[in-house]
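Examining the three-dimensional arrangement
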Amino acid sequence: MEDFIQSATPIKRREDGQLLNSIFREVTGAEPVLWGPSIVGYGQYTYVSPSNSRNTGIWLKTGFSPRKAQLSIYGLKDQEAGAQLLPRLGKYTEGAGCVYVKKLEDIDMEILRQLIKIAFARAEDSPE
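Residues numbered from 1 in each chain as written. Predicted model: local features only at pLDDT ≥ 70, side-chain atom pairs only at ≥ 80, totals over all residues. Heavy atoms only, no water.

Here we look at helix H4 (residues 109–120)
When the terminal C-alpha atoms of H4 are compared, their 16 Å separation across twelve residues agrees well with the 16 Å that a helix rising 1.5 Å per residue should span. Buried residues along H4 sit in contact with helix H2 (11–28), strand E3 (56–66), strand E4 (71–74) and helix H3 (80–85). The N-terminus of H4 is capped by Asp-108, whose side-chain oxygen sits 2.9 Å from the backbone nitrogen of Glu-110. (Helix = DSSP H or I, 4+ residues; strand = E, 2+ residues; numbered from the N terminus. Expected span 1.5 Å × (residues − 1). Contact = heavy atoms within 4.5 Å. Polar contact = N/O pair within 3.5 Å; in protein donor to acceptor, adjacent residues only side chain to side chain.)

Section: the confidence of the model for the protein chain
Counting all residues, the mean pLDDT for the protein chain is 93, and 97% of those residues have values of 70 or more. Predicted confidence in the protein chain is weakest over helix H1 (residues 2–6), with a mean pLDDT of 91, and strongest over H4, with 98. (pLDDT = per-residue confidence, 0-100.)

Some remarks on the side chain of Gln-79
In this fold, Gln-79 is placed in the loop between E4 and H3. Only 3.2 Å separates the side chain of Gln-79 from the backbone oxygen of Ile-118, close enough to count as a polar contact. If we ignore the near neighbours within four places in the chain, the residues touching Gln-79 are Ile-118, Ala-119 and Arg-122.

Looking at the nonpolar core
If you look at the biggest cluster of nonpolar residues, it comprises 23 residues, and the most contacted ones within it are Phe-64, Leu-89 and Leu-112. Listing elements by their share of this core, those giving two or more residues are H1, H2, strand E2 (39–48), E4, strand E6 (98–101) and H4. Here this core takes four residues from H4, the largest share from any one element. Setting aside residues up to four positions removed in sequence, Leu-112 forms contacts with Leu-20, Ile-73, Leu-76, Leu-89 and Ile-107. With five residues, the next largest nonpolar core counts Trp-35, Leu-60, Tyr-74 and Cys-98 among its residues. (Core = buried A, V, L, I, M, F, W, Y, C linked by side-chain atoms within 4.5 Å. Buried < 20%, exposed > 50% of the residue type's maximum accessible area, 1.4 Å probe, protein only.)

In structure tokens, the structure reads:
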């Protein structure tokens, strides 16, 4: 996982990844795990597909990826409390399962910490 963050480009993404790793560790108290080749995750839960309850799997509670074009942050918007708080985050866009941030300077880091805390509090066997 450390090697993955150290390999992020440009250098600003590497620095952002290191800062996010520090924040996620502080808020969650969890050790990061690399999910696939490019997502740093904290905690896990069992999800149930909203379209077919027979489809279940294990996914990270929250995490991020320091992608070249922008930071992808996972788990912030799929619970009601997080979705209600998200508009206060700052400048971001949304994808299907994540929030995209171009610069950490564009978001409120205290709101980010609250969103991470909400995401990480999800029960491990939560269907949400």
